[in-house]
Amino acid sequence: MTAEVSFGRLDDDDYPAYTMGRAAEMLGTTQGFLRAIGEPHLITPLRSAGGHRRYSRYQLRIAARARELVDGGASIEAACRIVILEGQLEEAQRINAEHHRANGRVDATGSG
């Protein structure tokens, strides 16, 4: 892999650049927490050639949201379900807004 290709991945939110240890450190949590949110498939890290978990920035944002909920008193299982539902709601709202734009209607916020 050339240096140019490697540097291009620095801006890629989906590139699995972080080891489990580094990801846990960045989130201020434990590796066990990352494994726990992986069990209900909230995030599924890629595996390196040696089998080690690697996380992307996108996955770290999801894990950070789950940690925020757990810190607020939710169980890990509940936090994972909430984050999944939040993602589904966001996607449904995006699709609905696209549908309204395609049909020339204004959505409830008046933004189009």
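Along each chain, the written sequence defines residue order, and numbers are assigned to residues from 1. Owing to the predicted nature of the model, reporting of local features is limited to residues with pLDDT of at least 70; listing and counting of side-chain atom pairs is limited to 80 or more, with chain, interface and lining totals taken over all residues. Processing note: side-chain calculations cover all non-hydrogen atoms of the structure and skip hydrogens and water entirely.

What is the right way to look at the nonpolar core in this model?
A general feature of soluble globular proteins is that nonpolar side chains tend to end up buried together. Membership of the largest hydrophobic core comes to 18 residues, with the highest contact counts inside it found for Leu34, Ile37, Leu42, Ile43 and Tyr55. Breaking this core down by element, the ones donating at least two residues are helix H2 (20-27), helix H3 (31-38), helix H4 (57-71) and helix H5 (76-102). Of the residues forming this core, the biggest block, five residues, is contributed by H4. For this analysis, a nonpolar core means a set of buried residues of the types Ala, Val, Leu, Ile, Met, Phe, Trp, Tyr and Cys, connected via side-chain atoms within 4.5 Å. Burial here depends on accessible area, computed with a 1.4 Å probe over protein chains only, as a share of the maximum for the residue type. Under 20% is buried, over 50% is exposed, and the range in between is partly exposed. Numbering of helices and strands starts at the N terminus; helices are DSSP runs of H or I of at least 4 residues and strands are runs of E of at least 2.

Any chance you could explain H4 here in plain terms?
Residue pairs three or four apart in sequence face the same way in an α-helix, which turns once every 3.6 residues. Given a rise of 1.5 Å per residue, 15 residues ought to cover 21 Å, and the 21 Å separating the end C-alpha atoms of H4 matches this to within 8%. Along H4, the residues classified as buried are Gln59, Leu60, Ile62, Ala63, Ala66 and Leu69. The inward-facing, buried residues of H4 abut strand S1 (18-19), H2, H3, strand S3 (53-55) and H5. A positive phi of about 115° marks glycine 73, the residue just after H4. Working rule for helices: expected span equals 1.5 Å times residues minus one. In what follows, a contact means two residues having at least one pair of non-hydrogen atoms within 4.5 Å.

What is the right way to read the environment of phenylalanine 33 from this model?
Mapping phenylalanine 33 onto the fold places it in helix H3. Take phenylalanine 33: its relative accessible area is 8%, and that puts it in the buried class. Those residues in contact with phenylalanine 33, other than ones at most four positions away along the chain, are Ala63, Ala66, Arg67, Val70 and Ile76.

How should I be thinking about the packing of H3 against H4 in this particular structure?
Between H3 and H4, the least distance of the axes is 11 Å, while the angle of their chain directions is 100°. Judged by the inter-axis angle, H3 sits roughly perpendicular to H4. Note on element contacts: H4 touches H3 through Ala63, Ala66, Arg67 and Val70, opposite Phe33, Leu34 and Ile37. Across the contact of H3 with H4, the residue classes break down as six nonpolar, no polar and one charged. To define axes, lines are fitted to C-alpha atoms, for helices over the stretch in contact only, and angles between the resulting N-to-C directions are given on a 0 to 180 degree scale. Here is the rule for angles: anything less than 35 degrees is roughly parallel, anything more than 145 is roughly antiparallel, 65 through 115 is roughly perpendicular, and the remaining ranges are oblique. Three residue categories are used. Nonpolar comprises Ala, Val, Leu, Ile, Met, Phe, Trp, Tyr, Cys and Pro, charged comprises Asp, Glu, Lys and Arg, and polar comprises the others, including Gly.

It is not clear to me how the pattern of salt bridges should be interpreted in this structure. Could you clarify?
It is possible for side chains of opposite charge to pair when their charged atoms get near one another. One side-chain nitrogen of Lys or Arg within 4 Å of one carboxyl oxygen of Asp or Glu is enough to make a salt bridge. The tally for this structure, following the rule as stated, stands at eight salt bridges. Here aspartate 71 makes a salt bridge to arginine 67, at a shortest N to O gap of 3.4 Å. Of this pair, aspartate 71 and arginine 67 both sit in helix H4, separated by four residues, roughly a single helical turn. Looking at aspartate 71, the relative accessible area reads 53%, which means it is exposed. Of the charged contacts, one joins arginine 94 and glutamate 98 as a salt bridge, the two residues approaching to 2.3 Å between their closest N and O atoms.

Can you walk me through the layout of surface pockets in this structure?
The probe, sized like a water molecule, is rolled over the atoms to show the empty space still left. Here a cavity is any set of points on a 1 Å grid over the protein atoms alone where a 1.4 Å probe fits but cannot get out, and a pocket is any open set with protein on both sides within 12 Å along at least 5 of 7 lines; a residue lines the site when it has an atom within 4 Å of a point. Grid points are joined across faces, edges and corners, and a volume is the space filled by probe spheres set on the points. Its boundaries defined by the atoms lining it, the largest pocket holds a volume of some 240 Å³. As for the largest pocket, its lining consists of Leu42, Tyr58, Arg61, Ile62, Arg65, Val83, Ile84, Glu86, Gly87 and Glu90. Broken down by secondary-structure element, the contributors of at least two residues to the lining of the largest pocket are H4 and H5. For the lining of the largest pocket, the element with the highest residue contribution is H5, accounting for five residues.

In short, geometric facts, not functional conclusions.
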